[in-house]
Amino acid sequence: LKLSKNLRIPLGITLTGTDVFHKENPSLPEGISWIAALGEVAYKTGQEKWPYYKNKIHLVRPSLKPLPIPIPFRPQKGIDKKAFLILFLSGIRPIKGVRESLEGLIKVASRFPHLRVFLGGAIIDQNYYNSIYAFKNKHKWLMGPESLTREEVSGALNEADLFMSGSYSEGGTPNAFLE
């Protein structure tokens, strides 16, 4: 933190919740929950000091790319412009709490027939996906899951009425908010 302040550059360290904090991983080595260094130093130190996390510590050099010009999302996906659209962007796997979140919407959807929930994300766990697909067949307000292009994400973010995240673990700061 001192180095960041002295150099007048922002310090940004994130540890992914699922990979680092998931219950199936051994307990955290002392000190991994905070790394008070920057860039290459933090990356190399982490790689050497905590071998278990070697493939879980990644250096992402600062860069922001604006989302592309959004393409119209609702017409492309057949969603009425009057529908209330909840956007749920998540990898399809249990730690993301997708199924549990959707189950929480059943009563809401029964009271508001104009509700639509679009689930966008890569299928990471096939069995979990199968349970969501079975759920989708019973609840016509659920759309997806499917992967989206950056242009589609841009359009979806532009046109959604509400954003939803049900992840059990995001390492303190939901990655969705960072994105």
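What you see is a predicted model; the values in this text were computed from it and never measured. (Residues numbered from 1 in each chain as written. Predicted model: local features only at pLDDT ≥ 70, side-chain atom pairs only at ≥ 80, totals over all residues. Heavy atoms only, no water.)

Enquirer: Would you take a moment to explain the environment of valine 117 for this structure?
Expert: Relative to the helices and strands, valine 117 resides in strand β2 (residues 115–120). Judged by relative accessible area, valine 117 falls into the buried class, the value being 0%. What valine 117 contacts, discounting residues up to four positions off in sequence, is Ile86, Leu102, Leu105, Trp141, Leu142 and Met143. (Helix = DSSP H or I, 4+ residues; strand = E, 2+ residues; numbered from the N terminus. Buried < 20%, exposed > 50% of the residue type's maximum accessible area, 1.4 Å probe, protein only. Contact = heavy atoms within 4.5 Å.)

Enquirer: Can you help me understand the nonpolar core in this one?
Expert: The nonpolar side chains of soluble globular proteins are, as a tendency, buried together. Counting residues in each nonpolar core, the largest one holds 16 residues, and the members touching the most others are Val98, Leu102, Val117, Leu119, Ile132, Trp141 and Leu142. Broken down by secondary-structure element, the contributors of at least two residues to this core are β1 (84–89), α5 (98–103), β2 and α7 (126–138). At 4 residues, α7 tops the list of elements feeding residues into this core. Listed in part, the 11 residues of the second largest apolar core include Ala83, Leu85, Leu87 and Phe118. (Core = buried A, V, L, I, M, F, W, Y, C linked by side-chain atoms within 4.5 Å.)

Enquirer: Sorry if this is basic, but what is going on with the sheet that holds strand β3 (residues 142–146) here?
Expert: Picture the strands of a sheet paired through backbone hydrogen bonds; they go either parallel or antiparallel. An order of β3-β2-β1-β4 is seen for the 4 strands of this open sheet, with the pairing classed as parallel. Sheet topology places β3 and β4 (162–164) at the edges, where each strand pairs with a single neighbour. Adjacent strand axes in the sheet meet at a mean angle of 20°, parallel and antiparallel pairs treated alike. With 6 bridges joining them, β1 and β2 adopt parallel strand pairing. Each bridged residue has a counterpart across the sheet, and for phenylalanine 84 the counterpart in β2 is leucine 115. Packed on one face of the sheet, α7 meets β2 and β3 and runs near 155° to β3. (Pairing = 2+ DSSP bridges. Axes fitted to C-alpha atoms, helices over the stretch in contact; angles between N-to-C directions.)

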